[in-house]
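Observations on chain architecture
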Amino acid sequence: MSESPAVPDVTVVVAVYNTMPYLTECLNSLVGQSIGLGRLQVVAVDDGSTDDSGAELDRFAERYPDTIKVLHQPNSGGPAVPSNRALEEATGRYVYFIGSDDYLGEEALERMVACADENGSDVVVGKMVGTNGRYVRQSLYKTNDSDVSLYGDELPFALANTKLFRRELVEQHKLRFPEDVPVGSDQPFTIEACVRARKISVVADYTCYYAVKRGDASNITYRANHLARLHCTTRIMDHTAALIEAGPKRDAVFRRHFKWELSKLIQGDFPALDAETRREICAGITRLADDYLTDEVSDWLGVQQRVRLRLAQRGAVDELCRAIDDEVRNGAPPFHLEGGRAFARYPGFRDEGLDLPDRCFELVGEKVPGRLAAGTELIESGWEQDGGELSLTLAVRTGLTGDTDSLVVRLAQGAMPKSADKPRARRLPDGHELGLVQGEFTRELMDGGAATVVRARIPLQRQAMSRGVRAYVDVAGSTYEIPVRGEGLPMPLARRWQEGTAEPYRAAVTVNGKGRMVLATGPLHLPKQPLGSRLRSLLTGAKRSKRK
């Protein structure tokens, strides 16, 4: 048997507090690593657990005395203190952190150490996935990468300490976890390590880390209250600002904190908080926005997040609550179209008292098909016959105001594609030739100027067809196609029409399985072969409905 090396390749740090039964799987995944016990050190610190976690750690340490070292201490209130204590005991060339309720893929450590050695990496990020409903952003893991930047689009959204760090780097810069930050204490450590690293690499072709959401959602990230999260985010951002000078690099990191940490403080539960807590949250956001929310970061955010953050920055608590409540109850606010630009009409839009610039409310490179679809609904539909000509008449409400000349309701050309059944509007390529059946349209404001109704008269063609009923509109330089929903609404009865001695035709409007309106036309006496099965079922179904 070969002797174990004096210095292990990797020390795995495990901060433990009440994580049974998840802890057992975590420890099993460590001692089962393909790197081998001789190349591995595990330092686990029991932070005053009151369940069986401490006893489980001791059981593993007794079974693997040359690999696992266990320390016990009174509860400190977060993972920072036990992680720092474990670092003092670490002897490996690299150090790796794992949550005690998570577990590793069998080859994780071997692959990450090999990557670091081959590329001279100071930090290696192994692919992480979520389990039991835990969300883990995946865009960083599209491909292996020997050299990624902290200032790119993806790494700032993966700042957990669940990475392989060269211990020489950690000790050279005395990297430790801030012990007065109960939530997010890993971010200052990770950000500084990435700032100082010569090279950061990604292992994406193997799932290294499985992040577990506990059945009772008792992970510390889910337990922290709003003010605790605000305090921690403030510490993280101030620490980062001391490391990275103002400019594009700092903006690249702070986009994450404005989009995630701060925006999550002013979501649907914000209006229900007590008045003093709401005021404190807005005051905290004001300070951070004044210092760090540049125009570049603001434009990068979606309009909903941008408006809420700017209202909080202004201390406009009432308007912020109204913006959140209105969106929870009614969905996205109307979009105001003006001069080729589009603005979301949230509370505060063009309010002289708040003096927020229009840019705050503008769609800046953001696509909004889902919100346009959610604000579009059928009001009425029917037939209009003039001699042998038959037209479908429609009135459709949309959440649009302003320059709505492009707003029309038409029939999509040809058979309805499957993607049109999706519950979102589809964005068409700019300048796309729609090839639609033409019609006549009028538009009028309703709901006190908060919406536009388009009334359409669409002449029907004498041909066998099945077409979706769609609204089309140009918004901020893009043309959107929006299926018109008819679920739960009365559809006009099937109608026969005939001109002179021509063969009689039947038209029927139905609602498909996704709740979208579909118009079908075809000969009254259905042939057995030429018509497609979908069209035949639409027309015969409408005929049976009329008989009833």
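Please refer to the structure higher up on the page.
This one's a predicted model, so the numbers in the text were calculated from it and none came from an experiment. (Residues numbered from 1 in each chain as written. Predicted model: local features only at pLDDT ≥ 70, side-chain atom pairs only at ≥ 80, totals over all residues. Heavy atoms only, no water.)

1. Side note on the pattern of salt bridges
Under the criterion given, the structure shown has 35 salt bridges. In this structure, Asp-238 and Arg-287 form a salt bridge, with 2.6 Å as the shortest nitrogen-oxygen distance. Placement of the pair is Asp-238 in helix H8 (residues 226–243) and Arg-287 in helix H10 (residues 275–292), with a sequence separation of 49 residues. For Asp-238, a relative accessible area of 28% corresponds to the partly exposed category. Here the salt bridges do not stand alone but share partners, grouping Asp-9, Arg-39, Arg-93 and Asp-117 into one network. (Salt bridge = Lys/Arg side-chain N within 4 Å of Asp/Glu carboxyl O. Helix = DSSP H or I, 4+ residues; strand = E, 2+ residues; numbered from the N terminus. Buried < 20%, exposed > 50% of the residue type's maximum accessible area, 1.4 Å probe, protein only.)

2. Focus: the pairing of strand E18 (residues 465–475)
For E18, a buried count of 10 out of 11 residues is recorded, marking the element as mostly surrounded by other parts of the structure. Of the pairings in the sheet, the one linking strand E14 (residues 408–411) to E18 comprises four bridges and is antiparallel in character. The residue bridging Arg-410 from the neighbouring strand is Arg-470, located in E18. One ladder, built from four bridges, connects E18 with strand E22 (residues 517–523); its direction is antiparallel. Looking across to E22, one finds that Met-465 is bridged to Thr-521. Here six bridges tie E18 to strand E19 (residues 478–483), and the two strands are oriented antiparallel to one another. Of the residues in E19, the one forming a bridge with Asp-474 is Thr-479. (Pairing = 2+ DSSP bridges.)

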